[in-house]
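Structure assessment
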Amino acid sequence: MLDVPSEALTFDLNGERVSLHVDPAARLTQVVRDVAGLTGTKVGCDAGDCGACTVLVDGAPVCGCLMLAGQVEGRSVTTIEGLERECDTAARLKESFARHGAAQCGICTPGMMVSAAALLEEVEHPTEQQVLDAIGGVLCRCTGYRKIVAAVMDAGRTRSADGAVAEPLDAEGPVGRRFERLDGARKIDGTELFGADAWPADTLLLRAVRSPHHRARFSFGDLDAFVAANPGIERVFTAADVPGENRFGVIPPLADQPVFAVGETRFRGEAVAAVVGRPSAIAALDLKSFPVVWEELPAHVTLDQALAEDAHRVHEGRAGNILVRGHVERGDADGALAGAAVTAEGEFETGFVEHAYIEPEAGFAQRVGDRIEISACTQSPYMDRDDTAKILGIAPEAVRIIPTAVGGGFGSKLDLSVQPFIAVAAWHLNKPVRMVYSRPESIATTTKRHPARIRAKVGADASGRLVGMAFDGDFNTGAYSSWGPTVANRVPVHASGPYFMPNYRARTRAVHTNLVPAGAFRGFGVPQASVAQEQLYDELADKLGMDRLEFRILNALTDDLPTVTGQVLGEGVGFRKCLEALRPHWKRARSEAEAFNAKASGALRRGVGVAGMWYGCGNTSLANPSTIRAGLKPDGRIALHQGAVDIGQGSNTVIPQIFAEALGAPLSVLDVLSADTDITPDCGKTSASRQTFVTGKAAELAGRAMRAQILRLANAGEDARISFKGGKVAVEENGRSRTVNPAALAVDALGYVLSVEETFDPPTTPLDSKGQGSPYAVYGFGAHMAELEVDVELGTVKVLKITAAHDLGRAINPMLVEGQIEGGVAQGLGLALMEEFIPGRGENLHDYLIPSAGDMPPVESIIIEDPSPVGPFGAKGIGEQALIPTAPAILNAIHDAVGVRIRRVPATPDRVRAAILAGTR
Amino acid sequence: MYLRPRTIDAAVAALVETKGRIVAGGTDVMPALVDQVRRTPFIDISAVDDLRGITISGGKVRMGARTTWTDIASADLPPALHGLQAAAREVGSRQIQNVGTIAGNLCNASPAADGVPPLLALDAEVELTSAAGRRSMPLASFILGNRKTELRAGEMMTAVTVSALGPAARSAFLKLGARRYLVISIAMAAAVVERGKDGTIADARIAVGACSAVARRLSALEKDLVGKPFSPAAAEFVTAAHVAGLTPIDDVRATATYRTDAAETVVRRVLAACLSETAHA
């Protein structure tokens with residue numbers, strides 16, 4: 001009587017009829033990826049919240065994660081792999097995506113492409129609104145959506161509306177050109193392999209058993225009996241199975257995080273064990289049956305609890321639950337504030353912010369003899385290598401880290417996630433083991449932006465010049481150290497903002513609680529500090545009766561003025577230029593808002609806000625070298641060992657551009673080898689806006705060294721011209737040409753006829769007991785202006801436009817720079833208006849909100865190039881710089897619109913409305 | 001266990017036999033399975049053709065249980081249902097609207113279900129089918145609480161029916177969330193208003209969602225509006241007292257205080273939108 005589906009599921013997949021033996025109740029994504037092997041369809045949440053898995057079923061976009069396999073019986077399914085075959089518009093859409101830089105990390109790109117292609121099949125020339133409606137169901141964390149929208153609107157046109165063009169790879173003088181990203185094609189056609197996309201045959205699957213409580217004591221039952229009772233489960237791993245140190249951490253002297261907790265867990269989601277087995281057995285496993293008994297213990301879930309006098313210590317030996325303190329002091333802050341003509345002060349709070357990259361952590365490990373190889377998404381291959389070696393008790397050289405493509409990082413993939421588990425398991429089992437975090441697991445257990453509680457006071461004299469600042473900030477660093485010390489040390493250096501502040505005292509504390517570890521997130525605490533500092537500067541300007549932009553221009557740091565650490569940068573302080581570039585926009589926006597408000601009779605009020613930013617590139621007063629290797633191959637091409645992990649920001653393109661420029665050759669002569677600890681020297685971590693600057697400088701040095709070797713070989717002078725053609729290298733000078741034939745030359749151990757390896761470590765000095773010194777060789781500067789509309793009755797905020805001026809010394813690739821700026825703005829907008837993670841609540845992407853396509857305003861990027869004397873071709877970083885001023889600019893604009901100060905972000909509708917009702921004008 | 005019946009009878013039989021769970025669009029069922037192992041048999045009704053589609057006859061609009069939000073949004077429906085159509089376009093995203101169904105939205109009984117306020121304002125009836133036969137009841141009686149309904153064991157929703165009303169009816173829907181797409185409502189409101197021959201409001205039905213365990217009609221306001229001019233100005237009759245009976249909660253999206261306050265504004269605006277809505281051709 002019942003209609004039971006036939007054994008094999010038959011449907012059309014990308015135009016081909018397939019019959020697959022699958023569980024009809026499985027998610028369609030699982031069938032497409034694991035059975036059909038089409039991994040272009042990405043899985044970001046399994047809940048319909050992110051849209052990365054969008055496929056077409058009978059031409060309509062659906063989330064593959066929500067569709068049951070049985071539902072496609074007899075229907076037609078199109079994935080990114082078949083898009084060009086099934087949709088006439090797809091080829092043009094791909095070109096448009098590449099031309100516009102619409103793909104950054106590439107994890108959302110297949111979902112975006114499929115959603116957009118479905119629209120273009122119906123509407124050849126869609127409006128912006130139609131595009132937004134079509135892609136609104138796909139979240140992107142990198143791009144800020146605007147380039148995606150432009151790419152879709154442009155796909156139907158033969159000529160680009162905004163002048164986006166594809167630069168040929170053989171163009172002379174690569175630096176400064178808008179090349180499409182060199183790794184773009186595979187991101188756009190879905191062939192890029194991310195952490196969850198490839199693994200050897202017969203790989204076992206691992207799942208972690210994690211604490212359900214913020215703090216708990218635990219004991220295991222009979223683990224052997226559990227294994228015996230679950231066929232297909234190979235083994236359970238616990239702390240007892242960690243061969244080396246059961247401890248890791250990004251700052252080795254403070255390493256404190258166990259692979260598996262021993263006896264007690266310190267945060268909700270901490271792992272106590274791992275179960276490894278055949279994928280089918282793991283999928284069918286109900287972890288509730290795992291033999292562990294939990295005894296919940298009192299936990300610190302707030303800063304105040306952790307700082308209370310009788311509070312239990314999260315870690316023995318860290319008195320008062322203070323991990324570290326930061327301190328920078330110059331002049332006499334209290335005296336200056338006492339004598340100031342005007343002062344402004346306030347307390348500000350920010351919450352945990354989730355990185356919300358669309359790729360949850362994933363990878364596999366396999367033992368190769370006495371070595372272990374880990375292919376996983378990461379921002380820091382060499383740090384992973386060294387920590388994994390300690391965990392396994394083997395030499396660092398015995399660990400090989402092969403980073404997969406990274407579907408967004410933003411700081412959190414600097415820390416280990418899946419790596420220790422799969423390494424320990426693969427080491428013991430001598431079989432490949434993989435792990436893919438679920439979205440709740442990713443949100444609950446990986447690092448977050450530090451929640452901050454900041455008290456600050458600033459003062460100025462009657463002429464409007466800043467005289468002093470006192471700043472105290474507590475940062476909730478969670479249960480383990482991670483990057484807490486970095487935040488605590490970086491914030492005091494930056495909390496003045498890029499202004500001349502003669503008297504200054506900033507103190508910070510990183511405080512342990514029983515919450516998820518807070519670590520690195522785009523800006524390392526500086527965005528939180530800027531929420532306080534830039535709002536207070538607005539208050540000062542208002543008290544002085546000064547224009548808020550002019551107040552900043554008056555106080556802007558210059559080449560010759562010392563920073564709060566006493567460093568005189570001498571050159572490349574382009575902050576004032578950024579502010580001055582905003583002047584015409586500021587005047588226009590202010591008068592437009594004023595005119596709007598003068599006529600407004602409804603609930604909407606407009607406001608304009610500005611905020612400044614600086615950010616030191618690289619580690620704070622610590623060595624952070626990068627090494628670039630290159631070789632001339634017998635075939636006459638150049639191999640570039642580029643170990644800076646590209647997490648979407650573009651180092652796979654920018655570093656080759658710099659190297660090629662220094663070499664004096666076009667990009668087309670390069671064969672780029674991307675990060676792999678066996679192949680590429682250490683380029684450090686992709687963080688702290690250091691790759692373009694530090695690795696870029698190493699690439700410049702390597703390019704020049706290679707050029708020098710070639711010139712020497714040809715006996716030519718500095719100004720000679722090198723060209724690569726037909727396997728030969730030609731060197732021309734004063735009308736004379738000499739040809740070098742690499743095939744005729746001897747090769748070295750690496751197989752190169754010429755080899756170079758160059759290292760760059762930015763010149764910094766240690767900070768003294770008062771935090772004085774030169775912590776960074778280079779700072780990036782910028783300022784954002786936000787225009788927005790507040791609905792005074794509902795407290796909702798709609799950002800209308802962001803104008804972003806950034807001094808990045810030299811824009812190596814302006815298209816990628818704009819991508820960084822737009823993406824930074826999107827994350828800054830999220831920080832300002834909607835993002836806050838509350839541990840234990842909302843471990844998904846429908847309670848934790850990041851901006852959707854419909855929330856992003858147009859962004860006008862203004863690129864200022866005030867060259868750094870240190871950076872490659874004058875370049876400075878832009879990755880973090882782009883995010884920092886957005887939130888305070890938005891908060892200042894809210895105040896401008898409706899007269900309320902939001903000191904607790906995010907400025908959710910309820911908080912804004914409450915502030916309006918409280919009349920805190 | 002997974003069954004994919006082709007007829008309503010077969011679906012009901014499967015329900016009795018397996019005590020399984022009905023699945024259609026999967027937009028609520030599948031997210032609940034993240035990190036979980038499925039224990040319940042699935043009865044996938046996506047192949048039951050009789051359950052999909054919209055028919056209008058005898059002044060009634062009948063929507064099959066698995067009619068999707070996209071079906072509703074793209075159908076040619078009378079103005080009384082324009083509010084429902086607006087709600088359909090606010091559900092999640094295109095991807096969700098393409099598979100999410102009207103009955104799934106109602107049976108899931110989330111306090112923030114986008115479909116409930118407009119259907120309450122339409123005095124929708126739900127049709128429930130079991131082996132014993134069919135019964136109908138007002139939607140208002142069907143949803144009992146957060147995730148609680150009148151659905152009995154062995155029973156499934158097969159249709160939702162509303163009155164088409166006349167050309168003099170207008171409707172609107174407004175959703176308030178913290179972002180544009182893929183967002184769960186902080187508060188929402190739906191209105192269906194009929195114009196009397198004298199140009200005043202003859203009948204008004206207003207419902208508010210996400211501000212109580214079950215979306216609620218504002219009967220005092222509805223009464224107060226009768227006889228008021230059929231124009232956006234009537235929205236000014238909305239007062240705090242009209243929404244005082246709501247019982248919102250604090251959650252990650254907003255405070256309860258805010259919800260009550262916002263509900264008043266959302267109701268005022270949905271009413272103004274409804275009363276200024278010109279009939280869509």
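Residues numbered from 1 in each chain as written. Chains lettered and ligands numbered in written order. Predicted model: local features only at pLDDT ≥ 70, side-chain atom pairs only at ≥ 80, totals over all residues.

**Remarks on helix 6 (residues 146-154) of chain A**
To keep things clear, this is the line we draw: Three exposure classes are used. Buried residues have 20 or more other C-beta atoms within 10 Å of their own C-beta, exposed residues have 12 or fewer, and partly exposed residues fall in between, all C-beta atoms being placed from the backbone. A run of DSSP states H or I qualifies as a helix once it reaches four residues; a run of E qualifies as a strand once it reaches two. Both are numbered from the N-terminal end.
Of all nine residues that make up helix 6 of chain A, nine are buried, and the element is covered over most of its length. Every buried residue of helix 6 of chain A is accounted for by Arg-146, Lys-147, Ile-148, Val-149, Ala-150, Ala-151, Val-152, Met-153 and Asp-154 of chain A.

**Examining the sheet that holds strand 5 (residues 76-78) of chain A**
Residue and element names in this part refer to chain A. Going by this rule: Note on pairing: two strands pair once DSSP finds at least 2 bridges between them. Throughout, an axis means a line fitted to C-alpha atoms (over the contacting stretch in the case of helices), and angles, computed between N-to-C directions, take values from 0 to 180 degrees.
Read across the sheet, five strands follow the order 2-1-5-3-4 without closing on themselves; strand pairing throughout is mixed. Every interior strand has two partners, whereas the edge strands, strand 2 (16-21) and strand 4 (60-63), have only one. This sheet shows a mean twist of 40° between the axes of neighbouring strands, independent of strand direction. Both strand 1 (residues 8-13) and strand 2 contribute to a ladder of six bridges, which runs antiparallel.

**As for the nonpolar core**
Going by this rule: By our criterion, buried Ala, Val, Leu, Ile, Met, Phe, Trp, Tyr and Cys residues that link up through C-beta atoms within 7 Å make up a nonpolar core. We call two residues in contact when the distance between their C-beta atoms, placed using the backbone, is within 7 Å.
Counting 406 residues, the largest nonpolar core has Ile-422, Ile-890 and Ile-894 of chain A together with Leu-106, Ala-189, Ala-191 and Val-270 of chain B as the members making the most contacts within it. Here this core takes eleven residues from helix 10 (residues 256-276) of chain B, the largest share from any one element. When sequence neighbours within four positions are dropped, the list of residues in contact with Ile-422 of chain A reads Leu-206, Gly-363, Phe-364, Ala-365, Ile-374, Val-433, Arg-434 and Met-435 of chain A.

**What to know about the environment of Met-63 of chain B**
All names here are of chain B. Within the secondary structure layout, Met-63 lies in strand 5 (residues 60-64). Here Met-63 falls in the buried class, since 29 other C-beta atoms lie within 10 Å of it. In contact with Met-63, not counting residues within four places along its chain, are Ile-54, Ile-72, Ile-102, Ala-159 and Val-160.

**Describing the domain arrangement of chain A**
For clarity, the cut-off: For the domains described, the bounds stem from an automatic or database domain assignment.
According to the domain assignment, chain A consists of domain 1 (8-83), domain 2 (87-165), domain 3 (204-299 + 356-445), domain 4 (570-621 + 771-921) and domain 5 (626-760). Distance from the C-alpha centre of domain 1 of chain A to the C-alpha centre of domain 4 of chain A: 39 Å.

**So, the interface of chain B and chain A**
Across the contact, 44 residues belong to chain B and 53 residues belong to chain A. For the side of chain B that touches chain A, the secondary-structure elements that each account for two or more residues are strand 1 (2-3), helix 1 (8-18), strand 3 (42-44), helix 4 (94-97) and helix 10 of chain B. In terms of residue count, the dominant contributor to the side of chain B that touches chain A is helix 10 of chain B (four residues).

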